Number of protein chains: 2
Amino acid sequence: MRIALDGMGGDFAPKEAVHGAVLAVKEYGVHVTITGPMEKIQEELDQYDYDKSRIDVLDAREVITLNESPVMAIRRKKDSSLRKAMDLVKEGKADAVVSAGSTGAILAGGLLVVGRIKGVDRAALGALMPGKNGHFMVIDLGANADVKPQNLVEFAKMGTVYFKALKDTSNPKVGLINIGAEEEKGNELTKAAYGLLKEEESINFIGNVEPRDITSGDVEILVCDGFTGNVVLKMYEGVVKNLMSMIKEAMMSTTKGKIGGLLVKPSLKEFMLKNDYKEEGGAVLLGVDGIVVKAHGTSDARAFKNAVRQAKSFYDRKYLEHFKENLK
Amino acid sequence: MRIALDGMGGDFAPKEAVHGAVLAVKEYGVHVTITGPMEKIQEELDQYDYDKSRIDVLDAREVITLNESPVMAIRRKKDSSLRKAMDLVKEGKADAVVSAGSTGAILAGGLLVVGRIKGVDRAALGALMPGKNGHFMVIDLGANADVKPQNLVEFAKMGTVYFKALKDTSNPKVGLINIGAEEEKGNELTKAAYGLLKEEESINFIGNVEPRDITSGDVEILVCDGFTGNVVLKMYEGVVKNLMSMIKEAMMSTTKGKIGGLLVKPSLKEFMLKNDYKEEGGAVLLGVDGIVVKAHGTSDARAFKNAVRQAKSFYDRKYLEHFKENLK
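Keep in mind the model is a prediction, meaning the values are calculated, not measured.

A. Broad picture of the overall build of chain A. Along the backbone of chain A there are 12 helices and 11 strands. Whereas a compact globule of 328 residues would reach a radius of gyration of roughly 20 Å, chain A reaches 20 Å, a difference of no more than 12%. When its C-alpha atoms are laid out on the principal axes, chain A stretches across 65 × 60 × 35 Å. Looking at chain A as a whole, 59% of its 328 residues qualify as buried. As displayed, chain A has an accessible area near 13,500 Å², and 50% of this comes from carbon and sulfur atoms. Between the averaged position of the 46 positive side-chain charges in chain A and that of its 46 negative side-chain charges there is a distance of 2 Å.

Below, the structure written as structure tokens:
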């Protein structure tokens with residue numbers, strides 16, 4: 001399998017991206033083309049021992065920053081690392097693109113370069129997250145801040161295929177993120193979407209899911225507009241981070257707590273690792289005609305490696321083919 | 001100060017509400033009128049030793065359930081515990097109402113019985129929550145699922161007065177909950193609201209706040225539509241609950257962890273207490289012409305007591321008078 005990796009995406013580019021590519025090549029036997037300034041990327045690569053036939057660099061002199069219009073940037077910066085990685089997929093020279101660049105630019109690249117799948121109205125971001133009783137997936141995580149009710153049905157259908165491609169679940173449950181359990185609860189969007197979701201026969205819709213139940217993981221696929229999904233994602237990240245640091249502080253405030261803290265450290269570490277989004281890879285742009293994985297902006301080498309693993313599992317499981325088959 | 005307490009609101013009514021009233025009377029020296037079926041309330045009261053001159057019961061034979069239209073219920077069930085508690089405030093026979101009933105019914109009661117303050121377009125729910133570096137307040141927590149951009153400015157103004165009334169902060173920071181830090185990020189609502197908030201001189205607007213930063217508590221007042229606010233609130237609750245139970249499980253999985261767990265238990269307990277929403281009291285319905293505190297549906301006696309404390313601090317600090325003064 002051939003991966004196009006945006007060497008300049010993310011907060012720690014190109015260092016972590018390049019290191020991630022080296023790890024991925026070793027572990028998954030894929031081929032990676034890293035896009036970015038040739039000498040910079042090569043300088044990073046030179047620090048590692050790797051199979052030279054499995055990594056090459058495609059020179060790209062421009063970088064898309066967070067402060068520019070994503071659509072304009074993708075259109076005009078034809079020599080940017082992200083655009084060139086997208087081009088490789090479009091031209092059939094790569095099977096998937098992985099980038100830790102800005103959500104907006106990846107969305108624009110997915111839509112304008114890779115292209116939407118015929119019959120899909122809106123592409124959306126979905127990602128697996130670790131929950132108490134299993135993994136769950138929220139879609140849309142932020143590609144579409146404003147949506148129409150019927151878009152949520154499309155998200156549910158895309159999410160169902162996605163989930164089946166990643167996990168061996170035959171009939172994943174779909175829930176609508178809402179502020180009440182009853183059908184008539186919610187805002188204009190969720191009230192209208194509820195009826196449409198209920199009628200859709202190709203999904204296993206189980207009704208509204210209140211945000212306090214999302215992270216239990218009892219419902220596999222959770223649909224919402226991209227604004228709400230992004231709030232859910234970032235609340236999850238923020239609360240976990242703040243809570244863990246507050247718990248550590250609380251432990252460190254007494255001698256008994258300090259000793260106990262040392263003893264529970266290995267369990268907590270294992271727990272943190274199990275619940276680290278970096279283990280999951282990234283979010284996937286669903287609805288575009290190619291495998292596009294958006295790694296977290298703060299991705300380290302391990303997170304990049306896992307994003308490649310995720311792209312590979314989509315590829316191996318023929319996710320796109322299933323997806324298109326299902327749309328018919 | 002005279003409190004009207006809805007004796008039949010909440011999951012553990014009337015037991016916990018009555019017990020909470022007894023605790024509040026002892027600790028704060030307030031007078032409480034409990035509304036509900038006379039004999040049921042009295043039966044609960046008989047279990048406690050309390051100053052009989054400080055608690056009385058107002059007979060109310062009806063109960064508003066979660067399954068009925070809040071507006072219809074408030075209008076028609078004139079003999080319900082919630083309606084009668086609201087009536088006491090309206091008639092000037094109580095200074096505040098406390099209820100753990102449904103959000104919808106309390107909102108309807110606040111608007112239809114107590115009444116909106118002249119000049120306020122939308123009443124909204126706000127509540128203090130414990131954050132890493134201090135308390136923060138989200139408004140609206142769910143009274144208005146759909147709002148117009150200018151409503152968020154009103155929420156910001158109401159929140160500023162509210163925060164000043166509860167905490168000794170002269171110029172609390174106001175943030176707009178949004179899915180990006182930059183001004184141009186967000187959905188149609190937040191994009192339009194940003195400019196309006198920036199122009200409003202009576203508030204200390206500091207820009208967008210991403211959900212991952214909400215629980216740090218660095219920004220005191222966070223405004224959003226009621227759908228988003230409710231998602232934020234319930235995600236916070238859900239993640240904390242799931243995370244704590246997962247951490248406990250992780251600790252219990254090894255012998256070292258078990259011993260360590262015993263040692264850190266007191267610190268964790270103190271931490272949980274410090275971060276328990278039950279300590280904060282409840283949410284306040286801002287914009288109505290009376291003090292209306294909505295306690296959590298799962299409130300126990302302590303939570304009811306704290307909701308009374310919150311109502312009392314509004315009363316003592318002349319929150320309503322300041323509020324109306326500020327509106328001019």
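B. Quick peek at the environment of Ile179(B). Mapped onto the elements, Ile179(B) comes out in the loop between strand 7 (173–177) and helix 7 (188–199). Its relative accessible area of 13% is what places Ile179(B) among the buried residues. What Ile179(B) contacts, discounting residues up to four positions off in sequence, is Ala145(A), Phe227(A), Asn230(A), Val231(A), Lys234(A), Gly186(B) and Glu210(B).

C. Up close: the pattern of salt bridges. All names here are of chain A. Scanning all chains against the criterion turns up 32 salt bridges over all chains. Taking the shortest distance from any N to any O, the salt bridge between glutamate 91 and lysine 93 comes out at 3.3 Å. Residue class for glutamate 91 comes out partly exposed when judged on its relative accessible area of 47%. Connected through shared salt-bridge partners, Glu39, Asp59 and Arg61 make up one network.

D. The relation of the copies chain A and chain B, seen in detail. With an RMSD of 0.1 Å, the fit of chain A onto chain B corresponds to turning through 180 degrees and sliding 0.0 Å along the axis. Taken together, the rotation angle and the small translation identify this as a two-fold axis. Relative to the rotation axis, the C-alpha of Gly260(A) is the closest in chain A, positioned 1.9 Å from it. Of all interface residues in chain A, 100% are interface residues in chain B too; the two copies therefore contact each other through one and the same surface.

E. Just the packing of aromatic side chains, in detail. Following the criterion strictly, the structure yields 10 aromatic pairs over all chains and no others. Taking 5.6 Å as the distance between ring centres and 55 degrees as the angle between the ring planes, the aromatic pair formed by Tyr319(A) and Phe323(A) counts as tilted. Separated by four residues within a single helix, Tyr319(A) and Phe323(A) lie in helix 12 (residues 319–327), roughly one turn from each other. Assessed through its relative accessible area of 2%, Tyr319(A) is described here as buried. For Phe323(A), a relative accessible area of 2% gives the class buried. Aromatic pair Phe136(B) and Tyr236(B): ring centres 6.1 Å apart, planes at 40 degrees, arrangement tilted. One end of the pair, Phe136(B), is in strand 6 (residues 135–139); the other, Tyr236(B), is in helix 9 (residues 226–252), and 100 residues separate them in sequence.

F. The arrangement of the sheet that holds strand 10 (residues 282–286) of chain A in detail. Residues and elements named next belong to chain A. In space, the 11 strands of this open sheet follow the order 3-2-1-4-11-10-5-6-9-7-8, with mixed pairing throughout. The outermost strands of the open sheet, each flanked by one partner alone, are strand 3 (55–59) and strand 8 (204–209). Each neighbouring strand pair of the sheet contributes to a mean axis angle of 25 degrees, computed without reference to strand direction. In terms of strand pairing, strand 7 (residues 173–177) meets strand 9 (residues 221–223) through three bridges, oriented parallel. Pairing of glycine 175 across the sheet is with leucine 222, part of strand 9. Running at roughly 160 degrees to strand 11 (residues 291–295), helix 11 (residues 301–316) makes contact with strand 1 (2–6), strand 4 (96–99), strand 10 and strand 11 of the sheet.

G. Looking closely at the domain arrangement of chain A. Residues and elements named next belong to chain A. We note that the domain assignment places domain 1 (1–120 + 287–328) and domain 2 (126–238 + 270–277) within chain A. One C-alpha centre belongs to domain 1, the other to domain 2, and the line joining them spans 26 Å. Taken together, the 15 residues of domain 1 in the interface contact 14 residues of domain 2. Taking both sides of the interface into account, the surface hidden between domain 1 and domain 2 amounts to around 1,300 Å²; carbon and sulfur atoms contribute 61%. If you look at where domain 1 meets domain 2, you find zero salt bridges. At the boundary of domain 1 with domain 2, the tally comes to one residue pair in polar contact (both at pLDDT 80 or more).

H. How the structure looks around the interface of chain A and chain B. Taken residue by residue, the interface counts 52 residues in chain A and 52 residues in chain B. When chain A packs against chain B, the two sides together hide about 4,900 Å² of surface, and 71% of this comes from carbon and sulfur. It is Arg212(A), Phe227(A) and Met235(A) in chain A that bury the most area against chain B; as a group they hold 14% of the surface buried on that side. Remark: the boundary between chain A and chain B carries four salt bridges. Lys234(A) is paired through a salt bridge with Glu210(B); the nearest N and O atoms lie 2.4 Å apart. Elements with a minimum of two residues in the side of chain A that touches chain B: helix 7 (188–199), helix 8 (211–214), helix 9 (226–252) and helix 10 (255–274) of chain A. If you tally residues by element for the side of chain A that touches chain B, the top one is helix 9 of chain A, at 21 residues. Residue classes in the side of chain A that touches chain B are distributed as 24 nonpolar, 19 polar and nine charged.

I. How the structure looks around the pairing of strand 1 of chain A. Residues and elements named next belong to chain A. Extensive coverage of strand 1 is indicated by the burial of four of its five residues. Pairing between strand 1 and strand 2 (residues 31–36): five bridges, direction parallel. Each residue of the ladder has a partner; that of arginine 2, found in strand 2, is histidine 31. Of the pairings in the sheet, the one linking strand 1 to strand 4 comprises three bridges and is parallel in character. Within strand 4, the residue paired with alanine 4 across the bridge is valine 97.

J. Representation of the packing of helix 6 (residues 149–166) of chain A against helix 11 of chain A in the model. All names here are of chain A. Following both chains from N to C, one finds helix 6 and helix 11 inclined at 100 degrees, their axes separated by 9 Å at the closest point. Here helix 11 runs roughly perpendicular to helix 6, going by the angle between their axes. Note on element contacts: helix 11 touches helix 6 through Gln310, Ser313 and Phe314, opposite Tyr162, Ala165 and Leu166.

K. Representation of the pairing of strand 2 of chain A. Residue and element names in this part refer to chain A. With six of its six residues buried, strand 2 lies for the most part within the structure. Where the polypeptide runs from strand 1 across helix 1 (residues 15–28) and back to strand 2, its parallel neighbour, the crossover connection is right-handed. With five bridges connecting them, strand 2 and strand 3 associate as parallel partners. By the bridge assignment, valine 32 is partnered in strand 3 with isoleucine 55.

L. Quick peek at the sheet that holds strand 2 (residues 31–36) of chain B. Residue and element names in this part refer to chain B. Sheet architecture is open: 11 strands sit in the order 3-2-1-4-11-10-5-6-9-7-8, paired in mixed fashion. With one partner strand each, in any of the chains shown, strand 3 (55–59) and strand 8 (204–209) form the two edges of the open sheet. Between one strand and the next, the sheet's axes are offset by a mean angle of 25 degrees, whatever the strand orientation. Sheet analysis places strand 5 (residues 124–130) next to strand 10 (residues 282–286), joined by three bridges and oriented antiparallel. Bridged to alanine 124 within strand 10 is leucine 286. Packed on one face of the sheet, helix 4 (residues 81–90) meets strand 1 (2–6), strand 2, strand 3, strand 4 (96–99) and strand 11 (291–295) and runs near 145 degrees to strand 2.

The rules behind the values
Numbering of residues starts from 1 in each chain and follows the order in which that chain's sequence is written. Written order decides the labels, with chains lettered from A and ligands numbered from 1. For a predicted model such as this one, the threshold for reporting local features is a pLDDT of at least 70, and the threshold for listing and counting side-chain atom pairs is 80 or more; totals across whole chains, interfaces and linings nevertheless cover every residue. With hydrogens and water excluded, all non-hydrogen atoms of the structure serve as input to the side-chain values. In this description a helix means any DSSP run of H or I spanning at least four residues, a strand means any run of E spanning at least two, and both kinds are numbered starting from the N terminus. For the radius of gyration, the atom set is restricted to C-alpha positions; the globular benchmark scales as 2.2 Å times the number of residues to the power 0.38. With a 1.4 Å probe rolled over the protein chains alone, any residue whose accessible area is under 20% of its type maximum counts as buried; one over 50% counts as exposed, and the rest are partly exposed. Computed with a 1.4 Å probe, the accessible areas rest on the Shrake-Rupley method; for each residue, only the protein chains presented here act as cover. The charged-residue count follows a simple rule in which Lys and Arg add positive charge and Asp and Glu add negative charge, with His and chain termini not counted at all. Lysine's charge is taken at NZ, arginine's at CZ, aspartate's at CG and glutamate's at CD. Note on contacts: a residue pair qualifies if any of its non-hydrogen atoms lie within 4.5 Å across the two residues. Throughout this description, the term salt bridge denotes a Lys or Arg side-chain nitrogen within 4 Å of a carboxyl oxygen of Asp or Glu. All copies are superposed by least squares; the fitting set is the C-alpha atoms of residues with a pLDDT of at least 70 in both. Only the six-membered ring of Trp is used, alongside the rings of Phe and Tyr, when aromatic pairs are assigned; centres must lie within 6.5 Å, and planes under 30 degrees apart are stacked while those over 60 apart are edge-to-face, with the rest tilted. For two strands to pair, DSSP has to find at least two bridges joining them. Each axis is a line fitted through C-alpha atoms, and for a helix only the stretch in contact is used; angles between axes span 0 to 180 degrees, taken between their N-to-C directions. Here the bounds of each domain stem from an automatic or database domain assignment. Accessible area that two parts lose when put together, evaluated with a 1.4 Å probe and summed over both, is termed the buried area. Side-chain atoms alone can form a polar contact between residues adjacent in sequence; in general such a contact is a pair of N or O atoms within 3.5 Å, and within protein one must be able to donate a hydrogen while the other accepts it. Think of it as three bins: nonpolar holds Ala, Val, Leu, Ile, Met, Phe, Trp, Tyr, Cys and Pro, charged holds Asp, Glu, Lys and Arg, and polar takes everything else, Gly as well. Roughly parallel refers to an angle under 35 degrees, roughly antiparallel to one over 145, roughly perpendicular to one between 65 and 115, and oblique to any angle outside these ranges. If you view a crossover with the strands going away from you and the path from the first strand over the helix to the second runs clockwise, you call it right-handed.

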